[in-house]
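Residue-level listing of the chains:
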Amino acid sequence: MDRKQFLTRSLKATVGTLIAGPILANTSSCNTPEGSDEDATTEGDDLRDAPAPLVLEQVALPYGYDALEPSIDAQTMEIHYTKHHAGYVKNVNEAIIAEGVTATDEGELLGAVGKYSPKVRNNAGGVWNHNFFWQVMGPGGKGAPEGKVREALNAGFGDFETFKAAFTDAGMKRFGSGWAWLLEQDGKLVIGSTPNQDNPLMDVSELKGRPLLALDVWEHAYYLKYQNKRNDYVAAWWNVVNWDEVAKRMA
Ligand code: MN
């Protein structure tokens, strides 16, 4: 039973790698040796009686690296996805094994992440936040939402421009590295930000709620193209928000 579960999880991890494969294929040295073969041989028998470790996965990028040009340049996207995000995935999965994390799914891990090391907290957040971030962006954005999302933002903040200014402000005022969020909190829309790779699903986060939209304001998200001008990055980012994905996440 456990062995079967282990094999299933391993297979899932392999499928995840294969899906990401074509996107990663044209990049050099992005795949550091993963050691998956070593893991299989060294873990082997010890895991026979233990539950299979949780494996966090990197979603396939739903568009090409250059799809968000000119708002977000291809080189930034490629490095962000293949180095930063892939690094969080590798690190958290190592830490899950090293620390004997017992959570059986990602949500459970985030909800109890305070029990574990900063390595688990930072990298689990890095995995989840970027998987979410890629999905709420896309090519062909209209800059502003229509329909249900527009109505909800009007109801919550007065009008779209007021919402946009407040969300931008949350991203601009985040000192150092972190994220700006639009959340649903007990049926109410709320704007906030988190430091580092924390997110509103974590037990340790002051800001809590169900994420509808997120903006990465780490320098790695914009520095190649915008250098120190975070405000220019945020202004351009509105053009690549995928409002259909935001709508899907609204109750
Ligand atoms: Mn990032």
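The structure under discussion appears in the preceding block.
For clarity, every value in this text was computed on a predicted model and none was experimentally measured.

Participant: Account for the overall build of the protein chain, naming residues and giving values.
Facilitator: Scanning the protein chain from terminus to terminus reveals ten helices and three strands. Order of helices (α) and strands (β) in the protein chain, N terminus to C terminus: α-α-α-α-α-α-α-β-β-β-α-α-α. A separation of at least 24 residues holds for 70% of the contacts in the protein chain among residues at least 6 apart in sequence. For the protein chain, the computed accessible surface area is about 12500 Å², with 53% contributed by carbon and sulfur atoms.

Participant: Can you break down the pairing of strand β1 (residues 178-185) residue by residue, with the values?
Facilitator: Of all eight residues in β1, seven are buried; the element is thus mostly enclosed. Pairing analysis gives eight bridges linking β1 to strand β2 (residues 188-195), with the strands arranged antiparallel. Within β2, the position partnered with L183 by the bridge is V190. In this antiparallel pair of consecutive strands, β1 and β2, the connection spans two residues, and D186 shows a positive phi of 50°. Pairing between β1 and strand β3 (residues 210-216): six bridges, direction antiparallel. Bridged to W179 within β3 is D216.

Participant: Before we move on, could you go through helix α6 (residues 147-157) and cite the residues and values that matter?
Facilitator: Residues of α6 that are buried include every one of V149, L153 and F157, and no others. For α6, the buried positions fall inside an angular range of 35° around the axis, keeping them on one side. Exposed side chains of α6 directed beyond 90 degrees from the buried face belong to E151 and A155. Of the surrounding secondary structure, the elements contacted by the buried residues of α6 are α7 (160-173), β1, β2 and α10 (243-249).

Participant: Describe α7, listing the residues and the values that go with them.
Facilitator: Its 14 residues place the ends of α7 20 Å apart at the C-alpha level, agreeing with the 20 Å of an ideal helix rising 1.5 Å per residue. Within the sequence span of α7, burial applies to F160, F163, F167, A170 and G171. Relative to the axis of α7, the buried residues are bounded by an arc of 95° and lie together on one face. Exposed and oriented more than 90 degrees from the buried face of α7 are E161 and K173. Here the buried face of α7 lies against α6, β1, β2, β3, α9 (230-237) and α10. One side-chain oxygen of the residue at the start of α7 lies 3.3 Å from the amide nitrogen of E161, identifying that residue as D159.

Participant: I'd like a description of the packing of aromatic side chains, backed by residues and values.
Facilitator: Aromatic ring pairs: the centre-centre distance and the angle between the two ring planes describe each pair. In this structure the tally under the stated criterion is 20 aromatic pairs. Look at Y65 and Y81: their rings are 6.5 Å apart centre to centre, the planes differ by 55°, and that puts the pair in the tilted class. Of the two residues, Y65 is situated in the loop between α2 (36-43) and α3 (74-98) and Y81 in helix α3; the sequence distance between them amounts to 16 residues. Across this residue pair, the class does not change: Y65 and Y81 are buried. Between W128 and W181 the ring centres are 6.3 Å apart and the planes differ by 40°, which places this aromatic pair in the tilted class. Of this pair, W128 sits in helix α5 (residues 118-135) while W181 sits in strand β1, placing them 53 residues apart in sequence.

Participant: Which residues make up the coordination of the manganese ion, and what values go with them?
Facilitator: In an ideal octahedron of six donors the angles at the metal are 90 or 180 degrees, and in an ideal tetrahedron of four donors they are 109.5 degrees. Protein-derived ligands of the manganese ion are H80 (NE2), H130 (NE2), D216 (OD) and H220 (NE2), with the metal-ligand distances lying across 2.0 to 2.1 Å. Coordination of the manganese ion draws on donor residues from a single chain, spaced H-x49-H-x85-D-x3-H in sequence. In this pair, H80 is assigned in helix α3 and D216 in strand β3, connecting sequence segments 136 residues apart. Using a relative accessible area of 2% as the deciding quantity, one classes H80 as buried. According to the relative accessible area criterion, D216 is buried, its value standing at 0%.

Cut-offs used in this document
Residues numbered from 1 in each chain as written. Predicted model: local features only at pLDDT ≥ 70, side-chain atom pairs only at ≥ 80, totals over all residues. Heavy atoms only, no water. Helix = DSSP H or I, 4+ residues; strand = E, 2+ residues; numbered from the N terminus. Contact = heavy atoms within 4.5 Å. Areas by Shrake-Rupley, 256 points an atom, 1.4 Å probe, with all protein chains shown as cover. Buried < 20%, exposed > 50% of the residue type's maximum accessible area, 1.4 Å probe, protein only. Pairing = 2+ DSSP bridges. Arc of directions from axis to C-beta. Expected span 1.5 Å × (residues − 1). Polar contact = N/O pair within 3.5 Å; in protein donor to acceptor, adjacent residues only side chain to side chain. Phe/Tyr/Trp six-rings, centres within 6.5 Å; stacked < 30°, edge-to-face > 60°. Donors = N, O, S within 2.8 Å, 3.2 Å for Na, K, Ca; no water.

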